[in-house]
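Here is what each chain is made of, one letter per residue.
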Amino acid sequence: MAENKEKNQTNRAVVVKHTGSHYLLSHLPDWNPFMAVVKGKLRLDDTTNTNPIAVGDIVEYEGTPSSTSSENPCTIKRVLERRNCIVRRSTNLSRQNHLIAANIDRVFLTVTIKDPEVKLQFVDRFLVTCQAYDVPVTILLNKADVYRGDENSQELKDEDLAAMAAGFSQIYANAGYEVIETSVKSGLNIEKLRELCKDKVVLFSGQSGVGKSSLINALDPKLNLKTAEISQAHLQGKHTTTFYQMHPISSGGFVVDTPGIRGFGLVNFSKEELSNYFPEMMRVQDGCRFNPCTHTHEPGCAVKEAVERGEISPLRYDSYLAMLEDDGKYREAE
Ligand SMILES: Nc1nc2c(ncn2[C@@H]2O[C@H](COP(=O)(O)OP(=O)(O)O)[C@@H](O)[C@H]2O)c(=O)[nH]1
Ligand SMILES: [Mg+2]
Ligand SMILES: [Zn+2]
């Protein structure tokens, strides 16, 4: 409608919060959140998600951005095509997915050696999900203060845990992932983390209790996120929804925390595809005699040879086999 052109001008903004009935949008990288709602039918191709719009989505809206109050909210008209997204299968029975976030520049998969103990199967499934969804991932090995001494002393507090941490780091560095030891207590690599977040939209994920919220608070104490929350796993049944939110980091960048995540459903890939999501297998599988090769029973398999030579971690290979076994089902991270 030409006469309403000014009022109805279409603009683009990023979804920074979803509160159930409405959304907050912001013109990133500016932080100027304003209210928006969805009216009527949304132009959307993908209907397999329970929530059609996620934090990080770029949307076209109509109306005049005003404030975070619900008076005269803008109207979301369209969700732009996503560069990537992270989804979780919403219930055990349904094939529907819950969108956690879209257009993420990097995921920080946070783990700890102890309290809670890292589960390699969880890590591997999560990493496969990230590869499949095309989201770069960095592993944070948090609570390093538990086994390291203070920064000035070379002496270790707990040699066994330190050895386990070194073993963990080696497996994933070999696989091709960046592993960064961090500590909220000692400040280890917090500045490095700040650098990695600059000008980016990042997502922190990982088991409950590993220190995701604490790390985000360490990046910017103004955020003051709740920590040491009781696991919300039992609240994540069919009828509860977790809402995600983006926070601005004062040194630059935006961060999404994930509370009490139970696990991520994996995409439904074929047996032949799975090894494409293991970077260390990708690297050698051109040398397999057969193509495609599932790297299980085939003769002349370059992946199995690399496992035997110790170039590919047998633990990673075991995870791969376990994931193949789940054939036909949606695969879950936990
Ligand atoms: N020793 C130690 N404890 C930490 C560290 N980071 C977090 N914690 C503690 O771990 C617990 C869980 O932290 P929280 O940030 O709530 O974990 P989240 O569930 O992943 O968000 C809290 O009691 C934190 O104080 C760390 O680097 N070192
Ligand atoms: Mg938390
Ligand atoms: Zn092979």
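Residues numbered from 1 in each chain as written. Chains lettered and ligands numbered in written order. Predicted model: local features only at pLDDT ≥ 70, side-chain atom pairs only at ≥ 80, totals over all residues.

Trainee: Is there a simple way to explain the site of ligand 1 in this structure?
Mentor: In the vicinity of ligand 1, 17 residues are found, and the nearest of them are Gly211, Lys212, Ser213, Ser214 and Thr227. Among the residues making up the shell around ligand 1, the classes are represented as four nonpolar, eight polar and five charged. (Near = placed C-beta within 6 Å. Nonpolar A, V, L, I, M, F, W, Y, C, P; charged D, E, K, R; others polar.)

Trainee: I would appreciate a short explanation of the sheet that holds strand E8 (residues 106–111) in the present structure.
Mentor: Within a beta sheet, neighbouring strands are joined by backbone hydrogen bonds and run either parallel or antiparallel to one another. Ordered in space as E10-E9-E8-E11-E13-E12, the six strands form an open sheet in which the pairing is mixed. Since the sheet does not close on itself, it has two edges, and those belong to strand E10 (178–181) and strand E12 (246–248), each with one partner. Mean inter-strand twist for the sheet, computed between neighbouring axes without regard to direction, equals 30°. As defined by bridge partners, E8 adjoins strand E9 (residues 137–141) across five bridges and the pair is classed as parallel. Paired with Leu109 across the two strands is Ile139, which belongs to E9. Contacts between helix H4 (residues 212–219) and the sheet are confined to E8, E9, strand E11 (201–205) and strand E13 (254–257), with E13 contributing the most and set at about 160° to the helix. (Pairing = 2+ DSSP bridges. Helix = DSSP H or I, 4+ residues; strand = E, 2+ residues; numbered from the N terminus. Axes fitted to C-alpha atoms, helices over the stretch in contact; angles between N-to-C directions. Contact = placed C-beta atoms within 7 Å.)

Trainee: What exactly am I supposed to notice about H4 here?
Mentor: At 3.6 residues per turn, the α-helix brings residues three or four places apart onto the same side. Extensive coverage of H4 is indicated by the burial of six of its eight residues. Every buried residue of H4 is listed here: Lys212, Ser213, Leu215, Ile216, Ala218 and Leu219. Contacts made by the buried residues of H4 are with E8, E9, helix H3 (190–197), E11 and E13. (Buried ≥ 20, exposed ≤ 12 C-beta atoms within 10 Å, placed from the backbone.)

Trainee: Explanation requested: the packing of H3 against H4 in the structure shown.
Mentor: The relative placement of two packed helices is expressed as an angle between their axes plus a distance between the axes. Axis separation between H3 and H4 bottoms out at 9 Å; the angle between their running directions is 85°. Between H3 and H4, the crossing angle belongs to the class labelled roughly perpendicular. Packed against H3, whose contacting residues are Ile190, Leu193, Arg194 and Cys197, the element H4 presents Leu215, Ala218 and Leu219 at the interface. Its residues assigned to classes, the contact of H3 with H4 comprises six nonpolar, no polar and one charged. (Parallel < 35°, antiparallel > 145°, perpendicular 65-115°, else oblique.)

Trainee: When you look at unusual backbone geometry in this model, what are you seeing that I'm missing?
Mentor: For residues that are not glycine, phi is negative in most cases, and the peptide bond is trans in most cases. Residue Pro116 follows Asp115 across a cis peptide bond; omega there is -5°. On the secondary structure map, Pro116 appears in the loop between E8 and helix H1 (120–133). The peptide bond linking Asn291 to Pro292 adopts the cis configuration, its omega dihedral lying at 0°. Inspection of the secondary structure puts Pro292 in the loop between helix H6 (279–284) and helix H7 (302–308). Backbone geometry at Asn224 places phi at a positive 50°, although glycine is not the residue there. Turning to its location among the elements, Asn224 is positioned in the loop between H4 and E12. Here His295, not a glycine, exhibits a phi torsion of approximately 60°, which is positive. Since 28 C-beta atoms lie within 10 Å of it, His295 is described here as buried.

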